[in-house]
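Listed below are the residues making up each chain.
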Amino acid sequence: MTQLVRAIVDTRALQRNLAAVRGFAPGSRVMAVVKANAYGHGLVPTALALADADGFAVARLEEGAALRRAGLRHPILLLEGVLDDAQLNEAAHQDFDLVVHGENHVELLERQTGPYRFRIWVKIDTGMSRLGFRVDEFPEAWRRLTSLASVAPRPRIMTHLANADLRGDPKTREQIAAFRRVTAGLNAETSIANSAGILAWPESHGDWVRPGLLLYGISPFAGERAEKFGLVPAMTLVTRVIAVRAVRSGESVGYASTWVAERPTRIAIAAAGYGDGYPRNVASGTEVLVNGRSCPLVGRVSMDMIAVDVTDGPAPVAGDEVVLWGRGLPVEEVAAQAGTIPYELICGVSQRVLHEIV
Ligand SMILES: Cc1ncc(COP(=O)(O)O)c(C=O)c1O
């Protein structure tokens, strides 16, 4: 059966992007961030393609468990830590690294009496105000954690940057400075940088970098193309033309009749819509590639279909290929048209879309 909408995931692009990250941060080990189904690319195939990474970061236990089931023996870091004793036991069973980000985690670890020693990454909140010990609470948390028999020697220390994608942003400078101040002299491995930190803030690199977006070949900076950094999009979302029709001047196309033909227009209907994860709120004029040629989308995006103006140039026929984003059409541009960020689009590719790993 030929499936119409496919997310083609290019494993060589993933590997090339990983190599690029190593070039950007040559002194750091790479913790590949593969949470949220590897940003929509498919958790296990993506992690297998990125097996040269030094570790993987996931948000939740079940994501890490899927990697272990796939046979990956790398360090796997749970970015959100664990919630309770049951999750802590599961983390020990799966040999996961844990982010320790609050008093409840210290108490959980203090209660452990078994022989297992948890590898932990103590998180400092330097300004994100999401997870982590406040800078002034950290020294006491560190003292308690490093005295515990349940904690493996040499815990690591991390923080997360709130504004790293804004080049020159003073808050990022302050976050890095606060982190360096409070961790000075601790002789612990550190991790600060996400993708934007890796590219824009070399002083944030530390011992481990934590790229997500870069691995998928996408720029973390608004208005700057990934190509400029030598990255290749790992996902190309493609579909096919299912109908071609002539629309007369004055006729409207799609729901709410938002687009009206100003000339006799050839319209291709392609099988993709918000039910596949293509954003509903892109404007008329948003680009797609029909047989490799840039054409504007017209009217509203439906659940399963979009309409494309293919008047200029050779007429497509049913079955012809339509690229929605990826190679030749950066997802960053579609995201900008939809008033969102590329993260949301790639994570939002829906379950009915076939992932084709090449
Ligand atoms: C703690 C942490 N580190 C690293 C990342 C990777 O971020 P990016 O995809 O921008 O590289 C994330 C993603 O949200 C994160 O939550």
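The structure contained in this document is the topic of the report that follows. Please read these numbers as outputs of a predicted model, since none were measured by experiment.

This part is about the pattern of salt bridges. Applying the stated criterion across every chain yields a total of 21 salt bridges. Glu356 is paired through a salt bridge with Arg6; the nearest N and O atoms lie 3.1 Å apart. Of this pair, Glu356 sits in strand β19 (residues 354-357) while Arg6 sits in strand β1 (residues 6-9); the two residues are 350 residues apart in sequence, bridging distant segments of the chain. Across the pair Arg156 and Asp97 runs a salt bridge, and its minimum N-O distance is 3.8 Å. Of this pair, Arg156 sits in strand β8 (residues 156-158) while Asp97 sits in strand β5 (residues 97-100); the two residues are 59 residues apart in sequence, bridging distant segments of the chain.

What follows is about the pairing of strand β14 (residues 265-270). With five of six residues buried, β14 lies mostly within the body of the structure. Examined bridge by bridge, strand β11 (residues 235-247) and β14 share six bridges and lie antiparallel to one another. Residue pairing in the sheet places Val241 in a bridge with Ala270 of β14. In this structure, β14 lies alongside strand β17 (residues 306-309), joined through four bridges in antiparallel fashion. Following the sheet pairing, Ile269 is matched in β17 by Ala307.

For the structure shown, the criterion picks out seven aromatic pairs. Between Tyr116 and Phe118 the ring centres are 4.8 Å apart and the planes differ by 75 degrees, which places this aromatic pair in the edge-to-face class. Assessed through its relative accessible area of 25%, Tyr116 is described here as partly exposed. Owing to a relative accessible area of 2%, Phe118 belongs among the buried residues under this scheme. Through pairs of rings, three or more aromatic residues link up here, namely Tyr39, Tyr216 and Tyr343. When the ring centre of Phe221 is taken as reference, the NZ or CZ atom of Arg167 above it lies at 4.1 Å.

In terms of nonpolar packing, the biggest core is built from 115 residues, with Tyr278 and Trp325 touching the most fellow members. With eight residues, the next largest nonpolar core counts Val247, Val253, Val298 and Ala307 among its residues.

With that settled, the discussion passes to the site of the ligand. Close to the ligand lie 13 residues, the nearest being Lys35, Tyr39, Ser195, Gly212 and Tyr343. Leu213 has a polar backbone atom sitting 2.9 Å from an oxygen atom of the ligand. Within the side chain of Tyr343, a nitrogen or oxygen atom sits 2.6 Å from an oxygen atom of the ligand. Protein chains shield 91% of the accessible area of the ligand, which is 390 Å² for the free molecule. Residue composition of the shell around the ligand, grouped by class: five nonpolar, four polar and four charged.

Reading the values: rules and limits
- Residues numbered from 1 in each chain as written.
- Predicted model: local features only at pLDDT ≥ 70, side-chain atom pairs only at ≥ 80, totals over all residues.
- Heavy atoms only, no water.
- Salt bridge = Lys/Arg side-chain N within 4 Å of Asp/Glu carboxyl O.
- Helix = DSSP H or I, 4+ residues; strand = E, 2+ residues; numbered from the N terminus.
- Buried < 20%, exposed > 50% of the residue type's maximum accessible area, 1.4 Å probe, protein only.
- Pairing = 2+ DSSP bridges.
- Phe/Tyr/Trp six-rings, centres within 6.5 Å; stacked < 30°, edge-to-face > 60°.
- Lys NZ or Arg CZ within 6 Å of the ring centre and 35° of its normal.
- Core = buried A, V, L, I, M, F, W, Y, C linked by side-chain atoms within 4.5 Å.
- Near = heavy atom within 4 Å.
- Polar contact = N/O pair within 3.5 Å; in protein donor to acceptor, adjacent residues only side chain to side chain.
- Areas by Shrake-Rupley, 256 points an atom, 1.4 Å probe, with all protein chains shown as cover.
- Nonpolar A, V, L, I, M, F, W, Y, C, P; charged D, E, K, R; others polar.

In short, the description is geometric, and any link to function would need to be established separately.
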